[in-house]
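Secondary and tertiary structure notes
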Amino acid sequence: MPSRFNSTEKKLILGISLVMGLRMLGVSMIIPIFSIFATELPRSTKALAGVAVGIFGIMQTILQIPVGRLSDRWGRKQVTIIGLFVYMVGTVLSGASRGIHHLIGARALAGSGAISGVTMAWLTEGVGENRRNAALSYVGISMGLSVIVGFTLSPLLAARVGIPFLFYLCAGIIFVTIIYTLRFTENHESADDEVIDIKKENLLAVMANRDLRKLNLIGFVANLNLNSAFFVMPLLIKESMGMSGMWKIYIPMSLTGTALMFYFGRTADRKGTVPVVMIGLVFELAGALTALMINSLPGNIASFILFYAGHCVLSPVLPAAASRHPNTRIKGTVMGLFNSCQFIGSGLGGVIAGALLEFDHRYVFGVVCFFLLTAFISAGRFRNFAEEPSTPEVGK
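Residues numbered from 1 in each chain as written. Predicted model: local features only at pLDDT ≥ 70, side-chain atom pairs only at ≥ 80, totals over all residues. Heavy atoms only, no water.

1. Points about the overall build of the protein chain
Note the cut-off: Only DSSP runs of H or I reaching four residues or more are called helices, and only runs of E reaching two or more are called strands; each is numbered from the N terminus. Buried means the residue's accessible area, taken with a 1.4 Å probe over protein chains only, is under 20% of the maximum for its type, while exposed means over 50%, and partly exposed covers the values in between. Contacts are residue-level and defined by heavy atoms, with any inter-residue pair within 4.5 Å sufficient.
Along its length, the protein chain carries 15 helices and zero strands. Split into buried and exposed, the 396 residues of the protein chain put 59% on the buried side. For the protein chain, contacts bridging at least 24 residues in sequence account for 87% of all contacts bridging at least 6.

2. Quick look at the confidence of the model for the protein chain
This is how it is decided: Within a predicted model, pLDDT stands for the predictor's per-residue confidence, ranging from 0 to 100.
With 88% of its residues at a pLDDT of 70 or more, the protein chain has an overall mean of 82. By mean pLDDT, helix H8 (residues 200–208) is the weakest element of the protein chain at 63, and helix H4 (residues 100–111) is the strongest at 94. Low pLDDT, under 50, characterises residues 190–199; the predicted model gives this stretch 16 contacts beyond four residues in sequence or across chains.

3. Thoughts on empty space enclosed by the protein
Defined as follows: A cavity, in this analysis, means grid points on a 1 Å lattice covering only the protein atoms where a 1.4 Å probe fits yet has no way out; a pocket is instead an open set bounded by protein on both sides within 12 Å along at least five of seven lines, and a residue lines either one if it has an atom within 4 Å of a point. Grid points are joined across faces, edges and corners, and a volume is the space filled by probe spheres set on the points.
The final tally for this structure, using the stated rule, is one cavity of 30 Å³ or more. Here the largest cavity defines a volume of roughly 1,000 Å³. What lines the largest cavity is a set of 40 residues, among which Met24, Ile31, Asn223, Leu226 and His311 lie closest to the centre. Of all the elements in the fold, those that place two or more residues in the lining of the largest cavity are helix H1 (7–40), helix H2 (46–74), helix H5 (116–124), helix H6 (132–161), helix H9 (210–241), helix H12 (297–314) and helix H14 (331–357).

4. A few points about helix H15 (residues 361–380)
Stated formally: One less than the residue count of a helix, multiplied by 1.5 Å, gives the span that helix is expected to have. Any pair of N or O atoms that falls within 3.5 Å is considered a polar contact. Within protein, one atom must be able to donate a hydrogen and the other to accept it, and sequence-neighbouring residues count only if both atoms are side-chain atoms.
Between the first and last C-alpha of H15 there are 30 Å, a value that for 20 residues agrees with the 28 Å anticipated at 1.5 Å per step. Along H15, the residues classified as buried are His361, Val364, Phe365, Val368, Cys369, Phe371, Leu372, Ala375, Ser378 and Ala379. The opening residue of H15, the one whose side-chain oxygen lies 2.8 Å from the backbone nitrogen of Arg362, is Asp360.

5. Description of the packing of aromatic side chains
Convention followed: Centre distance within 6.5 Å is the pairing criterion for rings of Phe, Tyr and Trp, where only the six-membered ring of Trp is used; planes under 30 degrees apart are then read as stacked, over 60 as edge-to-face, and the remainder as tilted.
All chains considered together, the criterion is met by 13 aromatic pairs. Pairing Phe56 with Tyr87 gives two aromatic rings, centres 6.0 Å apart and planes at 80°, and the pair type is edge-to-face. One end of the pair, Phe56, is in helix H2; the other, Tyr87, is in helix H3 (residues 76–95), and 31 residues separate them in sequence. Taken individually, Phe56 and Tyr87 each receive the classification buried, so the pair is uniform in this respect.

6. Notes on the packing of H3 against H5
For clarity, the cut-off: Axis geometry follows a simple rule: fit a line to the C-alpha atoms, using only the stretch in contact for helices, then measure angles between N-to-C directions, giving values from 0 to 180 degrees. Orientation categories follow fixed angle ranges, with anything under 35 degrees roughly parallel, anything over 145 roughly antiparallel, 65 to 115 roughly perpendicular, and all other angles oblique. Helix crossings get a hand from a simple test, with the near helix turned counterclockwise from the far one by less than a right angle marking a left-handed crossing and a clockwise turn marking a right-handed one.
At their nearest, the axes of H3 and H5 sit 9 Å apart, and the two run at 150° to each other. As the angle between them shows, H3 and H5 are arranged roughly antiparallel. Viewed along their axes, H3 and H5 form a crossing whose handedness is left-handed. Packed against H3, whose contacting residues are Arg76, Lys77, Val79 and Thr80, the element H5 presents Val118, Thr119, Ala121 and Trp122 at the interface.

7. Description of the pattern of salt bridges
We count it as follows: Salt bridges are defined by distance alone: a side-chain nitrogen of Lys or Arg within 4 Å of a carboxyl oxygen of Asp or Glu.
One pass over the structure, following the stated rule, counts three salt bridges. The partner of Arg76 in a salt bridge is Asp72, and the shortest N-O contact between them spans 2.9 Å. Residue classification places Asp72 among the buried positions, given a relative accessible area of 14%.

8. A few points about the layout of surface pockets
Note the following rule: Residues are sorted three ways: Asp, Glu, Lys and Arg are charged, Ala, Val, Leu, Ile, Met, Phe, Trp, Tyr, Cys and Pro are nonpolar, and all the rest, Gly among them, are polar.
What the second largest pocket holds in volume is close to 220 Å³. Elements with a minimum of two residues in the lining of the second largest pocket: H1 and helix H7 (163–184). It is H1 that provides the largest number of residues to the lining of the second largest pocket, a total of six residues. When grouped by side-chain class, the residues that make up the lining of the second largest pocket number six nonpolar, five polar and two charged.

9. Considerations on unusual backbone geometry
Positive phi, normally seen in glycine, also occurs at Arg43, with a value near 65°. Residue placement: Arg43 occurs in the loop between H1 and H2.

10. Considering H5
Since one α-helical turn is 3.6 residues long, residues separated by three or four positions face the same way. Of all nine residues that make up H5, nine are buried, and the element is covered over most of its length. Turning to H5, its buried residues are Ser116, Gly117, Val118, Thr119, Met120, Ala121, Trp122, Leu123 and Thr124.

11. With respect to the packing of helix H11 (residues 273–293) against H12
Close contact between H11 and H12 brings their axes to 8 Å; oriented N to C, the two are set at 165°. Here H11 lies roughly antiparallel to H12, going by the angle between them. Considering only the axes of H11 and H12, their crossing is left-handed. For the pair H11 and H12, the contacting residues are Val276, Val277, Gly280, Leu281, Phe283, Glu284, Ala286, Gly287, Ala288, Thr290 and Ala291 in the first and Gly299, Ala302, Ser303, Leu306, Phe307, Ala309, Gly310, His311, Val313 and Leu314 in the second. Here the contact of H11 with H12 is built from residues that sort into 13 nonpolar, seven polar and one charged.

12. A look at the environment of Met253
Secondary-structure assignment places Met253 in helix H10 (residues 247–271). Owing to a relative accessible area of 1%, Met253 belongs among the buried residues under this scheme. For the pair formed by Met253 and Phe307, sequence separation is 54 residues and the distance between their alpha carbons is 9.7 Å. Not counting residues up to four positions away in its chain, the partners in contact with Met253 are Phe151, Phe230, Phe304, Ile305 and Tyr308.

13. Some details on a nonpolar patch on the surface
Put simply, the rule reads: The residues that make up patches have over 30% relative accessible area and no salt bridge, and they are joined within 9 Å when like-charged or within 5 Å when they are Val, Leu, Ile, Met, Phe, Trp or Tyr. Here the accessible surface of atoms and residues is derived via Shrake-Rupley with a 1.4 Å probe, and residues count as covered only by protein chains that are part of the display.
Where nonpolar side chains cluster on the molecular surface, the patch consists of Phe85, Val89, Leu93 and Leu109 and spans about 320 Å² of accessible area. Considering each element in turn, the nonpolar patch owes the most residues, three residues, to H3. Tracing the chain through its elements places Val89 in helix H3.

Structure below.
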């Protein structure tokens, strides 16, 4: 059983939970309706709408490692604030888009606020190793509750006041998050005040770590699957239920996902990473097979819920496992690399789903099944860095 959090850890977890929860509240209002919005813009096609979905992840991919390295030098708080501001501006411009190409550019800007790796490093470096899954689970609860609220309000508000309003509301929530981060969060004091010089050879050594490569692959597959499902399923379900009725799906889906996130995050602290990762991948495989075999509204709803459940099982466990990389001096870089792989998956998920949906949605889930096979193989070979030599000390 993980030991209890001390007062410093509790304060850190509360702060990061609020920051990530508020950010996720804004994001979760956009996710359920984004593919609908993108496909209805002037000059849009499903393929271009997929690019609009995927460009966010692609920009996150390009910038996760540089931003993580910057946070190793400059501080997690400062970089988090800058990233939130960039995301806020891109979100405002997304809502103001008058064509699909404008939306693609705005989402590229929003994706440049690449702070996921920074916030995860900020949290995990301040919490004991045997309590990180639990800490990430509490952050996950905050994000999960935000998802419940966002997923519930999104289709209702979109049907009543229009989708662009949701982008502006999201930007307002991000602004509140920036103010909170400025006033109520603190950087951790490093035991070594020397500026860390992350040289190219050290970054390559991090990338060569076998277990980190396996985690990166699983994170890539998980996000590819999630973005594919969130591109395809809202379009399919809207055809049968209309936008205003989609909240009836999102509420049970988000409640189930939040409960699974909390339960399996704590289970991973007791049972280890591999069994929980396998369970998450099984959920996603079940979702893919359901989409392939049952081409109906009930089948689409079941597939969507299974995909989201699998994502919620994996989401607290994978970053906690990556944070156990043996070289603690470059955690921002490690987490930035891990998150970059996740966002590559997000980017390709949108692009692949948009391109294949021009033909048949089942092609999308056939590709998903192939990637899931590679994730199962990687998870079975993961050894929790037990057999890896430590990465050479940075700057030495």
